[in-house]
Amino acid sequence: MNALFGLGQALLLALDPEQAHGLAVKSLELGFYPRASEPDDKRLAQRIFGLDFPNPLGMAPGFDKNARVPRELLDMGLGFVEVGTLTPKPQSGNPLPRVFRSIADRAVINRLGFNNEGQEVALARLKQRAVGIVGVNIGAGRDSNDRIADYVMGIERLGVVASYFTVNISSPNTPGLRDLQVPAALDALLKRLWAARAVLPNTPPLLVKLAPDLSDADLPNVVNTIVANGVDGIVVSNTTLARDELKDAAFARESGGLSGRPLFARATRMLARVYKLTEGRLPLIGVGGIDSSESALAKIEAGASLLQLYTGLVFEGPSLIGRIKRALIAAIERAGAQDLKPLIGARADTWAERPL
Ligand SMILES: Cc1cc2nc3c(=O)[nH]c(=O)nc-3n(C[C@H](O)[C@H](O)[C@H](O)COP(=O)(O)O)c2cc1C
């Protein structure tokens with residue numbers, strides 16, 4: 001099955017990136033995917049925000065925007081799945097083409113612009129088949145005249161099916177969205193979301209996802225605002241507008257958010273900075289450029305309790321999941337530890353001080 005999927009991977013990389021994505025989701029829906037062969041090693045398990053994660057590796061949002069295949073992704077051996085970004089109403093996103101891939105750079109640029117089927121459709125799907133840990137990433141509609149109300153609606157509608165929520169204020173593809181990272185705006189948003197969550201029967205954890213393009217100078221105030229509002233965790237990071245050291249010049253000229261290997265150092269440095277600013281007290285999800293065992297372990301050492309990936313899976317295929325989990329177990333053994341705890345943030349100082 002893995003060999004078959006290996007062939008599938010070569011085929012997917014030969015297709016237009018958005019078509020390849022559609023085909024990958026379809027093949028999951030039809031049951032053509034490699035299942036994890038054994039249950040997770042207990043040493044990879046963690047209880048975080050009151051949820052029992054069987055392993056720390058999750059699917060980043062954007063792959064399963066419409067909650068079509070969370071069960072299948074979990075079956076592949078991922079410890080959790082984040083669906084979305086979901087907006088209140090369906091929207092078609094930006095004109096095609098809007099997803100670009102550079103094999104030379106092991107990177108993707110996307111300017112999808114929150115194409116999604118809307119919260120109601122996702123709700124119906126999640127009600128039918130919610131299993132394992134399925135987080136819901138919420139956003140504001142492109143033409144919304146009250147962005148905060150859009151996020152509130154996400155919480156009100158999807159609260160019953162969300163294992164946790166991620167508040168996406170960091171997509172570069174919805175004009176003005178990142179302005180919600182300005183502390184005063186963020187404070188107002190979080191206070192409204194808190195009130196919305198308080199009336200839910202299950203009070204799912206609330207996380208905030210940040211852009212890697214926040215400056216070192218702005219980051220402390222943003223993090224302080226998040227902590228002061230009692231947010232349960234921070235996701236670092238979304239895609240970047242930077243175009244550092246790309247080999248493919250035509251690719252580099254596409255507008256949109258860059259993900260994959262060229263994002264790794266920037267996102268990991270910021271993760272370590274957030275870890276230090278929160279003094280390791282808040283669980284962090286490390287995301288951005290994980291495409292190997294080494295990059296996964298580096299994220300944990302920079303301060304992540306949980307990991308997410310997307311672009312790495314595009315290039316490496318699903319066998320990456322097992323490889324990363326085996327490497328994390330080996331790292332636990334090398335450290336003479338029982339679980340991941342002593343590794344989390346072990347190299348945050350070094351990562352935080354790296355030059356950009
Ligand atoms: C095609 C594509 C679509 C994405 N859509 C979303 C999205 O809807 N919401 C979101 O929060 N992040 C989205 N992301 C960002 C990813 O969740 C992740 O933060 C980013 O890609 C960095 O991780 P990676 O290098 O492992 O891909 C998207 C990324 C890609 C490549």
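Refer to the structure presented above.
In every chain, residue numbers begin from 1 and rise along the written sequence. Whole-chain, interface and lining totals are the exception, using all residues; otherwise, since this is a predicted model, local features are given only for residues with pLDDT of at least 70 and side-chain atom pairs are given and counted only at 80 or more. Remark: hydrogens and water are excluded; side-chain values derive from all non-hydrogen atoms of the structure.

(A) Broad picture of the sheet that holds strand 6 (residues 107-110). Pairs of strands are assigned from DSSP output, requiring at least two bridges between the strands. Helix and strand assignments follow DSSP, with helices taken as H or I runs no shorter than four residues and strands as E runs no shorter than two, numbered in order from the N terminus. One open sheet holds the three strands; their spatial order is 5-6-11, and the pairing between them is antiparallel. Where the open sheet ends on each side, the last strands, each with one partner, are strand 5 (99-102) and strand 11 (257-260). Pairwise comparison of adjacent strand axes, ignoring direction, gives a mean angle of 20° for this sheet. With four bridges joining them, strand 6 and strand 11 adopt antiparallel strand pairing. When the bridges of strand 11 are listed, asparagine 110 appears paired with glycine 257. The convention used is that axes are lines fitted to C-alpha atoms, helices contributing only their stretch in contact, and that angles between N-to-C directions extend from 0 to 180 degrees.

(B) Seen up close, the pairing of strand 10 (residues 233-236). Think of it in three bands: residues with accessible area under 20% of the maximum for their type are buried, residues over 50% are exposed, and the middle band is partly exposed, with areas taken using a 1.4 Å probe on protein chains only. Where burial is concerned, the two faces of strand 10 agree: the one with Gly233 and Val235 and the one with Ile234 and Val236 are both buried. Across four bridges, the pairing between strand 9 (residues 206-210) and strand 10 is parallel. Bridge pairing links leucine 207 to glycine 233 in strand 10. Once the chain exits strand 9 it traverses helix 7 (residues 219-228) before rejoining the sheet at strand 10, and the crossover so formed is right-handed. Note that strand 10 and strand 12 (residues 284-287) share three bridges and pair parallel. Following the sheet pairing, isoleucine 234 is matched in strand 12 by leucine 284. Viewed with both strands pointing away, a crossover whose connecting path from the first strand over the helix to the second turns clockwise is right-handed.

(C) View of the packing of helix 10 (residues 293-302) against helix 12 (residues 319-334). As a packed pair, helix 10 and helix 12 sit with axes 9 Å apart at the nearest point and diverge in direction by 55°. Taken together, the axes of helix 10 and helix 12 are oblique relative to one another. Crossing hand, helix 10 versus helix 12: right-handed. For the pair helix 10 and helix 12, the contacting residues are Ser293, Ala296, Leu297 and Ile300 in the first and Arg323, Ile324, Ala327, Leu328, Ala331 and Arg334 in the second. Under the grouping applied here, Gly and all other residues not named as nonpolar or charged are polar, the nonpolar ones being Ala, Val, Leu, Ile, Met, Phe, Trp, Tyr, Cys and Pro and the charged ones Asp, Glu, Lys and Arg. Class assignment of the residues belonging to the contact of helix 10 with helix 12 gives a composition of seven nonpolar, one polar and two charged. Here roughly perpendicular refers to angles of 65 to 115 degrees, roughly parallel to angles under 35, roughly antiparallel to angles over 145, and oblique to all remaining angles. Less than a right angle of anticlockwise turn of the near helix away from the far helix marks a crossing as left-handed, whereas a clockwise turn marks it as right-handed. Here a residue-residue contact requires only that any non-hydrogen atoms of the pair lie within 4.5 Å.

(D) The arrangement of the nonpolar core in detail. To form a nonpolar core, buried Ala, Val, Leu, Ile, Met, Phe, Trp, Tyr and Cys residues must be joined to one another through side-chain atoms within 4.5 Å. Formed by 88 residues in total, the largest nonpolar core has its most connected members in Val136, Tyr151, Leu210 and Ile226. For this core, the leading source of residues is helix 12, giving seven residues. Counting 13 residues, the second-largest nonpolar core is a separate cluster that includes Phe49, Val235, Ile285 and Leu306.

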